[in-house]
Amino acid sequence: MNRALCTFSLVLASSLVLLHAESAANDIVVDTCKKVSSRDLSYDFCVQALRSDPKSRTADLQGLGLVALNLLERNVTSTGSYVQQLLKRKWDRFVRVRLSDCSELYSEAVLHTRESIEAYRAKRYPDVQNWLSMVDTAADTCESQFKEKPGASSPLTKQNGDAMQLGALGLNMVAIIAGS
Ligand SMILES: *[C@@H]1O[C@H](CO)[C@@H](O)[C@H](O)[C@H]1NC(C)=O
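As the structure is a prediction and not an experimental result, all values here were calculated from the model.

A. Just unusual backbone geometry, in detail. Positive phi values are uncommon outside glycine, yet Lys 123 reaches one of about 60 degrees. Residue placement: Lys 123 occurs in the loop between helix 4 (93-121) and helix 5 (125-144).

B. Structural context of the site of the ligand. In the vicinity of the ligand, the contacting residues are Phe 45, Ala 49, Asn 75, Ser 78, Lys 158, Asp 162 and Leu 166. One of the side-chain N or O atoms of Ser 78 is found 3.1 Å from an oxygen atom in the ligand. In isolation the ligand offers 360 Å² of accessible surface; the protein chains occlude 58% of this area. Those elements giving two or more residues to the shell around the ligand turn out to be helix 2 (43-51), helix 3 (61-87) and helix 6 (157-179). Tallying contributions element by element places helix 6 first for the shell around the ligand, with three residues. Classifying every residue of the shell around the ligand by side-chain character gives three nonpolar, two polar and two charged.

What counts as what
Residues numbered from 1 in each chain as written. Predicted model: local features only at pLDDT ≥ 70, side-chain atom pairs only at ≥ 80, totals over all residues. Heavy atoms only, no water. Helix = DSSP H or I, 4+ residues; strand = E, 2+ residues; numbered from the N terminus. Near = heavy atom within 4 Å. Polar contact = N/O pair within 3.5 Å; in protein donor to acceptor, adjacent residues only side chain to side chain. Areas by Shrake-Rupley, 256 points an atom, 1.4 Å probe, with all protein chains shown as cover. Nonpolar A, V, L, I, M, F, W, Y, C, P; charged D, E, K, R; others polar.

Spelled out as structure tokens, the structure:
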């Protein structure tokens, strides 16, 4: 083999190895999302959410669960501050009352998510499930109270939907981890 060809093959071989390592590392995200996606959690949302944290590239299943819970914590925390920002604007009474409720619901959701992370680290999975259900209920309650008046619309539909899907992600992952 001449030298150029030899170098070329070497480069090709090592990029194949790298490519393989990369896809193997990502398989756990794909595998997990295939298992946990459901009516409440789309597969695409799952993959995008988990891949948004670089830690998911090297995590095992246990680590990936923590990645999911940390995503949820960051999510409900920023939604909480977003609601605070919204409350500084002018709203009619119907919306204002509900936004303040959502603000409370989200500050509790932040605490509940932190509890769920502590419980997860201690492998107290039923506790994790309880805390996560409370987060899910909070987002659901925030969203549905805007439907009490015909024609009213929620300014938080996307945020509540994200929190519910991330909550479902955490719940479904914990179900697998606790069962394995
Ligand atoms: C919440 O998480 C979703 C999914 O990772 C992301 O698309 C969205 O931007 C996050 N929202 C906030 C407010 O951080």
